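Residue-level structure breakdown
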Number of protein chains: 2
Amino acid sequence: MASIALNPSSDTPIYKQLADGIGSLIKRQVLRPGDKLPPTRELAGQLGLNRTTISAAYAALDELGLISGKVGRGSFVAERHPVIASGTSPAETEPALNSASFVSSRPAAVDFPLEQFRRFTREVADSPEAANILQLGSSRGYAPLRRYLLDEAMAAGVAGPSDDLIITNGCQQALDLIAHVFADPGISIAVEDPVYHGMLRAFARSGADMFGVPVDDAGIDVVAFEAILERHRPKLVAITPSFQNPTGATLSLNRRQRIVALADRFDCTVVEIDIYSPLRYVGEALPTLKELSPAGNVLLLRSYSKVCFPGLRVGWAIGPSALIARLAEAKEISDLHSDQLSQAVLLRFAQSGELDKHLLRTREIGKQRLEAVLGACERYLPPGTRWTRPEGGMSLWVELPPPLTADALLNKVQVRGVDFLPGRHFATRNSHARGLRISFGGLSPAEIQGGIQILGESAAFEMNALLSAGGREPLPALV
Amino acid sequence: MASIALNPSSDTPIYKQLADGIGSLIKRQVLRPGDKLPPTRELAGQLGLNRTTISAAYAALDELGLISGKVGRGSFVAERHPVIASGTSPAETEPALNSASFVSSRPAAVDFPLEQFRRFTREVADSPEAANILQLGSSRGYAPLRRYLLDEAMAAGVAGPSDDLIITNGCQQALDLIAHVFADPGISIAVEDPVYHGMLRAFARSGADMFGVPVDDAGIDVVAFEAILERHRPKLVAITPSFQNPTGATLSLNRRQRIVALADRFDCTVVEIDIYSPLRYVGEALPTLKELSPAGNVLLLRSYSKVCFPGLRVGWAIGPSALIARLAEAKEISDLHSDQLSQAVLLRFAQSGELDKHLLRTREIGKQRLEAVLGACERYLPPGTRWTRPEGGMSLWVELPPPLTADALLNKVQVRGVDFLPGRHFATRNSHARGLRISFGGLSPAEIQGGIQILGESAAFEMNALLSAGGREPLPALV
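Residues numbered from 1 in each chain as written. Chains lettered and ligands numbered in written order. Predicted model: local features only at pLDDT ≥ 70, side-chain atom pairs only at ≥ 80, totals over all residues.

1. A look at the overall build of chain A
Across its full length, chain A holds 17 helices and 16 strands. In terms of overall dimensions, chain A is globule-like: its C-alpha atoms have a radius of gyration of 24 Å, near the 23 Å expected for 479 residues. Dimensions of chain A, computed from C-alpha atoms along their principal axes, come out at roughly 70 × 65 × 45 Å. Across chain A, the fraction of contacts at a sequence separation of at least 24, relative to all contacts at a separation of at least 6, is 71%. (Helix = DSSP H or I, 4+ residues; strand = E, 2+ residues; numbered from the N terminus. Rg over C-alpha atoms; globule rule 2.2 N^0.38 Å. Contact = placed C-beta atoms within 7 Å.)

Right under this line is the structure:
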């Protein structure tokens, strides 16, 4: 709520501005179905407004079906409001043609292999193993899944005999555990720039100093990385070599080799975020940094969240056993261990071969999505716009031509039902004011195309307006 | 591994000492089935031993069936070794008569309502809601469960209109999130002493200064609490009013009232850990601190882990909405959100009324366990021993008569198949060298009785030995 900007000198009444602001938070899923809104008295105090203003805003949102109030219990974000219905479950309601949320880097619910999930869940529940699953477990994870994943990694040459594995609540928790183990105040960490905001927040919470290494179409700039290694001696570098979030960039083989050599030379632990690589739609797979540095200090993070079910929080980390032991200790303090029911279900999903079949289908659909987004960018984005050309994953990165900013464009497209995350969410030092992330993983090709069309038309319109307004400004003297 | 004490001047060969030490870690479930042991080369380096010594220790453990090795992959704790088989699943193998692990504060797998779990899991998987459960969720938890729990709490008068609720991965994660929100370095926190070690570790990780308030049979000492409030101005106090871990103590109503008044006066947020209160076997229920201070700063932590399934990590926190919002922000950084499959299964379990039925049965069995442990303490513990008399929960606290220490006794009873956690695990400043926790929640009345008998006999024997040895020491001059 603190992030809602109210302008007292605007023509729009404050209650309307507030309702719009909250509505936008709901549409962008910052506020989620069932979330409780602050009591009117409390929000009035926080924002320095009259309580009736808050009540009027809530009433307006209620009329729109975005929130619902219960006497004596407060107001809640509605369980099934129009935005959520189209956002989370394309199967159930047909979204309006011109509506596309490029905000969330997640798979489409319509692609979920529900029948398989149902079968494996039944099997797990009915198995004699159920009592063990329900009992207190190990902070390293459900042993049969851990062993399966370690065996697979060893068979694939990704893990060696001195490696071990820990299950985490998705990749996000692995980043948080790493922060607990490494990121003391004053410690330097090298990250990509732009970079996934959830990683920034996990490392920043521990008080580490972060240094961003610029990312281009072939991943991080190795020369800039070496300069940061020399100047700041980071203890840790976090890299997403394949289909990086937010750029979709893939590190070339040559850069991969140089990065592990540099990290080795500077005794810098590499955190390799490898959660998108099974989603390669075109081109050839490249070896992980872990494979390129089998005896080195590389910690490989993987997850089932991006490749099948984000609602089941199961990821894992593979690395030198001494480091895994420290992560396990941190994990025990954080939440004892991960939920075991989902671990057991996902183990069956993987062991049965159904995960591989699902990945085949996902890559087919993903290829169509990727073609749709790249084709639409080519067709609709105005001249001077640049964008990355990912070979997989869920996101690409757009750089708007100056003087257009991502925030200005966002304001214009949101009223037309299109949404995205502006570059500032992914910024370390560079503000990325003209950058924006397009996450296309959860949309149909038609939705993608419609959304990019609106984005392109609005960008072109705004550019013209800005340039003609700029043309009326006095020109600076030429020097 | 670092905790294994090796004595080079002992008659026992080092390899045997090491094997015993690792075996003890396995029996005490510090090392769990499937855990990977360090490679021999690595452990040799860590312990400053020859690699063949490590290999000999591993070979000895392998022969005992405690670990198993795979060529090129290292050694792992065996999936089904004799200790685990009796410890985790009394239903499957009958434990040896004289074996009792009082180590873990958790329910018995034999009591799990497996049929109900199976039914509800099938229902959830087959429901149309499955796609939503599998999609990315809210950091506040699965909305239907969150709403159900908040409604229940409001109906029971435990939550008020300005309260909100967040789902956590069991109570442990709630403690960790609280640590993230409150426990900056230099911040003072008041805790019980003795206190649950997992709480100490979560707060200590954030660098807070902890001050222990002594606990007796009626809970924390209010006068000592007031002194700490005055001297150290703690921002937070964490209290388990009912069946505290490790003492089993319950705060009297009078103390509850005085504590919330004091916390209010000193502007100290109260974290109320209320995970055992449904396990009351005798006596009358008392109001929570939250109920006694409806408008105050009390954060109530609850969980399904102790009352039904520890392997499903679902707990929750209820408190002022502004505080819940800060916890939700911390939760998003920690792991985005909790696994939704277990949340949906537990919601059905609660809504169907089956949870209440399960609690009725659990309290009946719990009462028998409590009678067994109190009866056995009365019968077998030597004169001078003191112990608490809990009215519910899973643990009681024993204070051995001087000069006997808990560690000395532990050494003696482990070889007879009895295990417990010595007091030092629960210590803030006082070392609790003579204290020990007896967790009886996972054992049958017969196992409890057999275990306490061994404990009592060993304690009596050691006391005699120590006292007669002490008699041979020169006496100090009388002054």
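Having seen the structure, we can now continue with the description.
2. Side note on the packing of helix H7 (residues 143-155) of chain A against helix H14 (residues 340-351) of chain A
Residue and element names in this part refer to chain A. Look at H7 against H14: their axes get within 9 Å of each other, and the N-to-C directions meet at 35°. Crossing angle aside, the handedness with which H7 passes H14 is left-handed. Across the interface between the two elements, Pro144, Leu145 and Tyr148 from H7 touch Gln343, Leu346, Leu347, Ala350 and Gln351 from H14. (Axes fitted to C-alpha atoms, helices over the stretch in contact; angles between N-to-C directions. Left-handed = near helix turned anticlockwise from the far one by under 90°.)

3. Side note on the interface of chain A and chain B
Listed as interface residues are 68 residues of chain A and, on the opposing side, 68 residues of chain B. For the side of chain A that touches chain B, the elements supplying multiple residues, two or more each, are helix H5 (114-126), helix H6 (130-134), H7, helix H8 (170-182), helix H9 (197-205), helix H13 (321-335) and H14 of chain A. Ranked by residue count, the leading element in the side of chain A that touches chain B is H5(A), at seven residues. For the side of chain A that touches chain B, the class distribution of residues is 25 nonpolar, 23 polar and 20 charged. (Nonpolar A, V, L, I, M, F, W, Y, C, P; charged D, E, K, R; others polar.)

4. Side note on the environment of Phe120(B)
All names here are of chain B. Structurally, Phe120 can be placed in helix H5 (residues 114-126). Separated by 224 residues in sequence, Phe120 and Ala344 have C-alpha atoms that sit 8.8 Å apart. In contact with Phe120, other than residues within four places in its own chain, are Val345, Arg348 and Phe349.

5. A short note on the sheet that holds strand S12 (residues 386-387) of chain B
All names here are of chain B. The strand order across the open sheet built from four strands is S12-S13-S16-S15, with neighbouring strands paired in antiparallel fashion. With one partner strand each, in any of the chains shown, S12 and strand S15 (421-422) form the two edges of the open sheet. Inspection of the sheet shows strand S13 (residues 395-399) paired to strand S16 (residues 435-439) by five bridges, in the antiparallel sense. Pairing of Leu396 across the sheet is with Ile438, part of S16. (Pairing = 2+ DSSP bridges.)

6. Re the sheet that holds strand S9 (residues 269-273) of chain A
Residues and elements named next belong to chain A. Ordered in space as S4-S11-S10-S9-S8-S5-S6-S7, the eight strands form an open sheet in which the pairing is mixed. For this open sheet the edge positions go to strand S4 (163-168) and strand S7 (219-220), each flanked by a neighbour on one side alone. Where helix H10 (residues 222-232) meets the sheet, its contacts fall on strand S5 (188-193), strand S6 (209-216) and S7, and the angle it forms with S6 comes to roughly 165°.

7. Quick look at H7(A)
Residues and elements named next belong to chain A. A rise of 1.5 Å per residue sets the reference length of H7, with its 13 residues, at 18 Å; its end C-alpha atoms lie 18 Å apart and thus fit the reference within 8%. Taken together, the buried positions of H7 are Ala143, Pro144, Leu145, Arg146, Leu149, Leu150 and Ala153. On its buried face, H7 sits against S4, strand S11 (315-320) and H14. In the segment just after H7, Gly157 is the residue with positive phi, at about 80°. (Expected span 1.5 Å × (residues − 1). Buried ≥ 20, exposed ≤ 12 C-beta atoms within 10 Å, placed from the backbone.)

8. Comments concerning the domain arrangement of chain A
Residue and element names in this part refer to chain A. Partitioning chain A into structural domains gives domain 1 (14-79), domain 2 (89-109 + 356-471) and domain 3 (115-352). Taken over C-alpha atoms, the centre of domain 2 sits 27 Å from the centre of domain 3. Across the boundary between the two partners, domain 2 contributes 30 residues, which contact 29 residues of domain 3. Counting residues per element, the side of domain 2 that touches domain 3 draws most heavily on helix H15 (residues 354-380), which supplies seven residues. (Domains from an automatic or database assignment.)

9. Topic: the nonpolar core
Ranked by size, the top nonpolar core spans 248 residues in total, and within it Val270(A), Ala317(A), Val373(A), Ala317(B) and Val373(B) carry the most contacts. Those residues in contact with Ala317(A), other than ones at most four positions away along the chain, are Leu165(A), Ile166(A), Thr168(A), Ala174(A), Leu299(A), Leu300(A), Leu301(A), Ile324(A) and Leu327(A). If you look at the next biggest cluster of nonpolar residues, it comprises 17 residues, including Leu18(A), Leu37(A), Leu43(A) and Phe76(A). (Core = buried A, V, L, I, M, F, W, Y, C linked by C-beta atoms within 7 Å.)

10. Looking at the environment of Ile187(A)
One can find Ile187(A) in the loop between H8 and S5. Apart from the residues within four sequence positions on either side, Ile187(A) is in contact with Phe182(A), Ala208(A), Asp209(A) and Lys235(A).

11. Remarks on the pairing of S13(B)
Two elements, S12(B) and S13(B), share two bridges in a ladder whose sense is antiparallel. Opposite Arg386(B), over in S13(B), you have Glu399(B) as the bridge partner.

12. Focus: the relation of the copies chain A and chain B
Copies of the same chain, two in number, are related to each other by a rotation about an axis and a translation along it. The operation relating chain A to chain B is a screw motion whose rotation component is 180°, with 0.1 Å of axial translation and a residual RMSD of 0.1 Å. Look at the turn and shift together and you get a two-fold axis relating the two. When each C-alpha of chain A is compared by its distance to the rotation axis, Arg122(A) comes out closest, at 2.9 Å. Looking at the interface residues of chain A, 100% of them are also at the interface in chain B, so both copies use one shared face. (Least-squares fit on C-alpha atoms with pLDDT ≥ 70 in both.)

13. Some thoughts on unusual backbone geometry
Between Asp193(B) and Pro194(B) the backbone carries a cis peptide bond, its omega angle lying at 5°. Position of Pro194(B) among the secondary structure elements: in the loop between strand S5 (188-193) and helix H9 (197-205). Residue Pro246(B) follows Asn245(B) across a cis peptide bond; omega there is 15°. As for its position among the elements, Pro246(B) is in the loop between strand S8 (236-239) and helix H11 (253-265). In the Ramachandran plot, His432(A) falls in the positive-phi region, its phi being about 55° despite a non-glycine side chain. With respect to the helices and strands, the residue His432(A) is situated in the loop between strand S15 (421-422) and strand S16 (435-439).

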